[in-house]
Amino acid sequence: MPRHPVPLGFVFRSRAKSEKEAVAEKASVTDSKQTRDPQAPKGRPTPKRSESQSQRRSVANTPTTRKEAAKRSRDERRAALEKQRQALATGDERYLPARDKGPVRRFARDYVDSRFHIAEFFLPLAVLILVLSMVRVPALQNIALLLWLFVIILIVVDSVGLAIRLKKQLNVRYPDQNKKGVVAYALMRTLQMRRLRLPKPQVKRGERP
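Rules of the game
Residues numbered from 1 in each chain as written. Predicted model: local features only at pLDDT ≥ 70, side-chain atom pairs only at ≥ 80, totals over all residues. Heavy atoms only, no water. Helix = DSSP H or I, 4+ residues; strand = E, 2+ residues; numbered from the N terminus. Buried < 20%, exposed > 50% of the residue type's maximum accessible area, 1.4 Å probe, protein only. Contact = heavy atoms within 4.5 Å. Core = buried A, V, L, I, M, F, W, Y, C linked by side-chain atoms within 4.5 Å.

Enquirer: Describe the overall build of the protein chain, naming the residues involved and giving the relevant values.
Expert: Scanning the protein chain from terminus to terminus reveals seven helices and zero strands. Helices and strands in the protein chain line up, N terminus first, as α-α-α-α-α-α-α. Counting all 209 residues of the protein chain, 21% fall into the buried class. Intrachain contacts of the protein chain at a sequence separation of at least 6 include 60% that bridge at least 24 residues.

This is how it looks when you write it as structure tokens:
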């Protein structure tokens, strides 16, 4: 059978079309390679810039040796202790030790700090009584003994009164809060001189919490 000649125009159009498709496919492949983050895993979407920066930051901040890890741990402990020290001076609840945290314990501290207590003068009185008892004068030694008994009785009476009043106030103000150990916590605070108390007093004498 006679072969029909293929028109030259058809051959050129087919070749041009094939070349255009190849160029377009190559361009799409190049674009996809450029848009994909080199750090992104294959087959997953490219992470946002903020996520990539945070990941790079975390990788950069990760200690690479045991010495660096130990140094970072010491720095973190030192920073935590410094925050706790400042909190004990300012009363910042966020960084206080666990035994001092919470509104109930804060109220107990303020309740104690707003009043005079015999127990806070126990240390200087004890030193005075000790000095008197060391003097080799029977009269002064008897006075020291009586004074010691008198101070002990006053501290006990004052502490019992404080415990009763504080417990009543706590039941009124915080009926649903855990109040276990709060009264003992307040009584221990009365044994410290005001200027030595930690956390530092946040109320003045006579100022009701």
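Enquirer: Which residues make up the nonpolar core, and what are the values?
Expert: Counting twelve residues, the largest nonpolar core is built from Val104, Phe107, Ala108, Tyr111, Val112, Leu162, Leu166, Leu170, Tyr174, Val182, Tyr185 and Ala186. Within the residue set of this core, elements represented by two or more residues are helix H4 (103-113), helix H6 (138-173) and helix H7 (182-190). Counting residues per element, this core draws most heavily on H4, which supplies five residues. Those residues in contact with Val112 that sit more than four places away from it in its chain are His117, Leu162, Ala186, Arg189, Thr190 and Arg197. Membership of the second largest hydrophobic core comes to five residues, among which are Ile129, Ala144, Val151 and Ile155.

Enquirer: Just give me the short version of the environment of Glu93, but keep the residues and values in it.
Expert: If you trace the backbone, Glu93 turns up in the loop between helix H3 (66-90) and H4. Sequence-wise, Glu93 and Arg106 are 13 residues apart; in three dimensions their C-alpha atoms are separated by 9.0 Å. Residues within four places of Glu93 in sequence aside, it is in contact with Asp100, Lys101, Gly102, Arg106 and Arg109.

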